[in-house]
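Each chain, written out:
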Amino acid sequence: MGEQYGFSDLEQLRSELIKVSLTHVTTLERYITDNQDGFCHLLATSSKDSLASTSTCVSSLVKAGRWKELTLRPTQGGIAAQEKPLSHEARAAHLATFTARTAGKLISKNNSAKLGIDNPFSLSFVVEGVLDCIDAVEQYEGATQHLKKINTEIAPLLAGYLSRGYLAVDFATLPVEKQGERRSKPGAISIWPYPPSAYLTQLVYRVVERCALETTEIKRHVQSWSRSEVLKQIALITAKSRSADPLQLAYAIILSVVTIPDEDTTPEDKEIFSHALALFFQSQKEDGTWPASSPMFHYADVGSAYSFEYEVLAQLLACAPLRDELLLYLPQLRRSVANLKNTLYDLSPSNPGKQIAWASGHHPQLRGAESWSTASVYQFAFALERLVAEAIRRSVFRELKVIYQGSPKASKKPAADDDGSLLAPGFLDADLNDPAAAKPQSLIKSLATRFVYPIAKVADSVGKGRKLPGSTPMSAILYGPPGTSKTELAKIVSSYLNWPLLSVDPSYVVKEGIDNVQPMANRLFDMLLAVEQIVVLLDEFDEMGRDRAGNDNILSRFITTAMLPKLAEINKERKIVFLLATNYLTGFDAAFRRGGRFDMQLQVMQPNLASKLVADTANVSEGWGKTLSTALGLFTKAAEKKAIEERINDFTFLETRKVVQEIQSALDAKVPKARLKAIIDAAWKVCTLEKANDTGFRRGDQGAQTDGNASNGNRTESVNYRETWRSTCKKERLEIRLPS
């Protein structure tokens, strides 16, 4: 079962899939037509584009985020001109031209394979291919007109086929009773004289759904037919009938789960669909393939059309409601990956391994690998690699015994006029005393505009297997005195990006004993290198990142030695957001603070007075504002009021909560102003900023103070002579470093 796959197994499978994907672009480039207006069916027919092949190749590249990697040159008489390497601008221009020509060729067609005008197979591929072209290059010439034609003409026609049934144009003149025999039933697409095809129905439905035309009626029709088809195929497969069609079952499962809302899915439904999926994978042969499907329709020139297992698997893997279930079948899916090595075609024998293709095997009389089957394999490899990435993510959370909050979702995107204040409306802001700024800045706005928002704008690309751009920050040290909500800030980052938060403390690296700290630290960072789309918070690692000079703690030296090179690798991999929270930055090994290790060093201080005075808004229900304003109003002398304001400003969140409760009780009891001042003064004397920095100064540490009673002037460990957090924080302002 996939959930039992170990981390190493998952890493190996992912490595195999990435290796397959390396030739995705270079291979499909071989199938671009001589006139650069689409993709051909076979290399031997490079002068002619194929509708279904073009659409499948376009979708394969666009869904994998690789369309813009195509290398195109201007053509001369149908042959790409040989010239010096193109500039970035020239490449982009040629790609836009190719996209426009490809989409234009697609939108001009309403028939293929001699299936008849406006047949559902051809029209669905027209819509899917053009929409993917628009996704890839939104502003190509003609895109607006193409989209209008899809929305006003083609998509409504396809929706009608699902709601009323499909009848080929050639049969429109037949008597009504004959038309009825040849018309497909609502909710199931068939091309006469073949029976309803789950492949064709799923193809049409996914296009109609993408165009937002899937009405309640259409869903009801498709749900009714697909569910009955699932039950039929379960019976046939269980009975080992020669009529059983596991690939038909797979498409029917997809249709069943996407047309019924979660809230309407009964336990019985879930059991049926789970059992059906299990039967599908049980039907897999030892070589990783499935028995041939039943024919769906007939190609006039080459023979019957069949489902292709890798096309089926790509659609299964793209089906969000089946994602969790599919994790259970990673061993079976890996078998299908292994089969690719035995069935590949190397299109470049003179340069082996650079252009790899696969044939469907449906028409042995055709020599070579088809473009559409090759594109389907690459789409399968990409989709499976994305599922394995999810499995790795869950494996890491299980290993570290952290509750998995759910798969990553699309990140929020900041509005153009968002100055950062919308990152966390309920968070009480603090002053950021950046030495590079003329006056105190907003902590939350700085975190938003300098760190979170730049990541959010490109975060979704990581979900397609890409890295965060090198110019985008992805790592930060959050430092400041205890109780200043550094962990809460990590949660805010996680929430905005919609990436799960993995909080790690030192207990993991020491759980196997001191002798195994180094291998455990290596294992931890190896997992962080493999995982993606998460926010990692290393919390309470203060003692493990201490200055190696003068530190005799073997644990500290081991963890520091392990962390430093791994941090560089994580920064290079750029697929996670990596945060480290600490109270005392300058006590850390200087190598941690070296430029390049972390993109940002952010000092996190206590909430400022202004935020505390409005802490009774809709987002913060503490009710502090009214209490504090009332109390401050009692102090009419400017100097006295300023002193009280400065004390209230110094309190951390929890300290403020406690003192506000005491102030409110005093106000309710109508105590004298002097008593109110005494309450605030008493709380201030024991607040965090006035306490000694207890992070463990050692002999020779910068900032440790001299014991005046010591005759030789040596430093002392006495808490009475350690500097306060206020003093430490003031010095550490110099360590603030914000991304540009």
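Note that the structure is predicted; figures quoted are calculated from it, not measured.

Here the focus is the overall build of the protein chain. Along the protein chain, the regular secondary structure elements total 26 helices and 13 strands. Structurally, the protein chain occupies a C-alpha span of about 105 × 60 × 55 Å along its principal axes. Considering the protein chain as a whole, with its 740 residues, one finds that 53% of them fall into the buried category. Sequence separation of 24 or more characterises 72% of the internal contacts of the protein chain that already satisfy a separation of 6 or more. Here the protein chain has roughly 33100 Å² of accessible surface; of this, 52% comes from carbon and sulfur atoms.

Positionally, Asn-693 belongs in the loop between helix H25 (673-685) and helix H26 (725-732). Relative accessible area serves as the criterion here: at 0%, Asn-693 is assigned to the buried category. Polar contacts involving the side chain of Asn-693 include one to the side chain of Thr-728, which spans 3.0 Å. Non-local contacts of Asn-693, meaning those with residues more than four positions away in its chain, are made with Tyr-584, Arg-722, Glu-723, Thr-724, Trp-725 and Thr-728.

Relative orientation and spacing of two packed helices are given, respectively, by the angle between their axes and the distance between those axes. Running from N to C, helix H16 (residues 443-458) and helix H17 (residues 486-497) cross one another at 40 degrees; their axes reach a closest spacing of 11 Å. Comparing the axis directions of H16 and H17 gives the class oblique. Crossing geometry of H16 relative to H17 is assigned as right-handed. The residues of H17 that touch H16, namely those facing Leu-443, Ile-444, Leu-447, Val-452, Tyr-453, Ile-455 and Ala-456, are Leu-489, Val-493, Tyr-496 and Leu-497. Residues that form the contact of H16 with H17 fall into these classes: 11 nonpolar, no polar and no charged.

Further remarks concern the packing of aromatic side chains. The final tally for this structure, using the stated rule, is 20 aromatic pairs. On the basis of an interplanar angle of 50 degrees and a centroid distance of 5.0 Å, the ring pair of Trp-624 and Phe-653 is categorised as tilted. On the criterion of sequence distance, the pair formed by Trp-624 in helix H22 (residues 624-633) and Phe-653 in helix H24 (residues 653-668) is long-range, its members being 29 residues apart. The class of Trp-624 is buried, set by a relative accessible area of 1%. An aromatic cluster is defined as three or more aromatic residues linked by ring pairs; in this entry it consists of Phe-121, Phe-125, Phe-297 and Tyr-299. The ring of Trp-192 has Arg-182 sitting right over it, with the charged end atom 4.1 Å from the ring centre. The positively charged end of Arg-647 is found above the aromatic ring belonging to Trp-684, 4.1 Å away from the centroid.

Spatially, 5 strands are ordered E10-E11-E12-E9-E13 in an open sheet, and the strand pairing comes out parallel. Of all strands in the sheet, those bounded by a partner on one side alone are strand E10 (501-504) and strand E13 (600-603). Here the average twist between neighbouring strands, direction ignored, is 20 degrees. Relative to E13, strand E9 (residues 475-479) runs parallel, the two being bridged by 4 bridges. Each residue of the ladder has a partner; that of Ala-476, found in E13, is Met-600.

Since there are 3.6 residues in each turn of an α-helix, residues three or four apart along the chain are aligned in direction. For H17, built from 12 residues, the straight-helix expectation of 16 Å at 1.5 Å per residue is met to within 8% by its first-to-last C-alpha distance of 17 Å. For H17, the complete set of buried residues consists of Lys-486, Leu-489, Ala-490, Ile-492, Val-493, Ser-494, Tyr-496 and Leu-497. Tucked into the core, H17 has its buried residues touching H16, E9, E10, strand E11 (535-539) and strand E12 (577-582). Asn-498 lies just past H17 and shows a positive phi near 60 degrees.

For the coordinates displayed, the defined rule picks out 31 salt bridges. Here Arg-386 makes a salt bridge to Glu-385, at a shortest N to O gap of 2.9 Å. Per residue, the accessibility class of Arg-386 equals that of Glu-385, and both read buried. Note that Glu-690 and Arg-726 form a salt bridge whose closest N and O atoms lie 2.7 Å from each other. Of this pair, Glu-690 sits in the loop between H25 and H26 while Arg-726 is found in helix H26, placing the two residues 36 residues apart along the sequence. Here the salt bridges share partners, and the residues they tie into one network are Arg-14, Glu-385, Arg-386, Glu-532 and Lys-575.

Okay, the environment of Asp-34 next. With respect to the helices and strands, the residue Asp-34 is situated in the loop between helix H2 (24-29) and helix H3 (51-63). Along the sequence, Asp-34 and Arg-367 sit 333 residues apart, while their C-alpha atoms lie 20 Å from each other.

This paragraph deals with the layout of surface pockets. What the largest pocket holds in volume is close to 1800 Å³. Together, 47 residues line the largest pocket, and Leu-317, Ala-318, Ala-320, Arg-323 and Gly-463 are the ones closest to its centre. Among the elements that line the lining of the largest pocket, the one with the most residues is helix H15 (residues 371-399), at 7 residues. Each residue belonging to the lining of the largest pocket can be placed in one class, and the counts come to 20 nonpolar, 9 polar and 18 charged.

Moving on: the confidence of the model for the protein chain. Looking at the protein chain, pLDDT values average 90 and 90% of them are 70 or higher. Every residue in residues 547-552 is under pLDDT 50, and counting partners more than four places away or in other chains gives 13 contacts.

Glancing now at helix H4 (residues 88-107). End to end, H4 covers 28 Å across 20 residues, agreeing with the expected 28 Å (1.5 Å per residue, within 8%). Inspection of H4 places Leu-95, Phe-98, Thr-99, Ala-100, Thr-102, Ala-103, Leu-106 and Ile-107 among the buried residues, and these make up the whole buried set. Where H4 is buried, its residues contact H3, helix H5 (120-136) and helix H6 (143-164).

Moving on, we get to the environment of Asn-110. Looking at the secondary structure, you find Asn-110 in the loop between H4 and H5. We classify Asn-110 as partly exposed; its relative accessible area is 31%. Sequence spacing of Asn-110 and Ala-424 is 314 residues, and the spatial spacing of their C-alpha atoms is 51 Å. Sequence-distant contacts of Asn-110, defined by excluding residues within four places in its chain, comprise Gly-116, Ile-117, Asp-118, Asn-119, Ser-122 and Leu-123.

The next thing to look at is the side chain of Gln-603. Mapped onto the elements, Gln-603 comes out in strand E13. For Gln-603, a relative accessible area of 2% puts it in the buried group. A polar contact is formed between the side chain of Gln-603 and the backbone oxygen of Cys-729, at a distance of 2.9 Å. Dropping the residues within four chain positions of it, Gln-603 is found in contact with Leu-432, Leu-443, Tyr-479, Cys-729, Glu-732, Arg-733 and Ile-736.

What follows concerns unusual backbone geometry. Each neighbour pair has its own omega, and for Trp-192 with Pro-193 the value is 10 degrees, a cis peptide bond. Here Pro-193 shows up in the loop between helix H7 (176-182) and helix H8 (198-210). One non-glycine residue, Ala-113, adopts positive backbone phi at about 55 degrees. The residue Ala-113 is located in the loop between H4 and H5 in this model. Note on Ala-113: relative accessible area 28%, which makes it partly exposed. Despite not being glycine, Arg-574 shows a phi value in the positive range, around 55 degrees.

Analysis parameters
Residues numbered from 1 in each chain as written. Predicted model: local features only at pLDDT ≥ 70, side-chain atom pairs only at ≥ 80, totals over all residues. Heavy atoms only, no water. Helix = DSSP H or I, 4+ residues; strand = E, 2+ residues; numbered from the N terminus. Buried < 20%, exposed > 50% of the residue type's maximum accessible area, 1.4 Å probe, protein only. Contact = heavy atoms within 4.5 Å. Areas by Shrake-Rupley, 256 points an atom, 1.4 Å probe, with all protein chains shown as cover. Polar contact = N/O pair within 3.5 Å; in protein donor to acceptor, adjacent residues only side chain to side chain. Axes fitted to C-alpha atoms, helices over the stretch in contact; angles between N-to-C directions. Parallel < 35°, antiparallel > 145°, perpendicular 65-115°, else oblique. Left-handed = near helix turned anticlockwise from the far one by under 90°. Nonpolar A, V, L, I, M, F, W, Y, C, P; charged D, E, K, R; others polar. Phe/Tyr/Trp six-rings, centres within 6.5 Å; stacked < 30°, edge-to-face > 60°. Lys NZ or Arg CZ within 6 Å of the ring centre and 35° of its normal. Pairing = 2+ DSSP bridges. Expected span 1.5 Å × (residues − 1). Salt bridge = Lys/Arg side-chain N within 4 Å of Asp/Glu carboxyl O. 1 Å grid on protein atoms, 1.4 Å probe; cavity = no way out; pocket = protein on both sides within 12 Å on 5 of 7 lines; lining within 4 Å. Points joined across faces, edges and corners; volume = space filled by probe spheres on them. pLDDT = per-residue confidence, 0-100.

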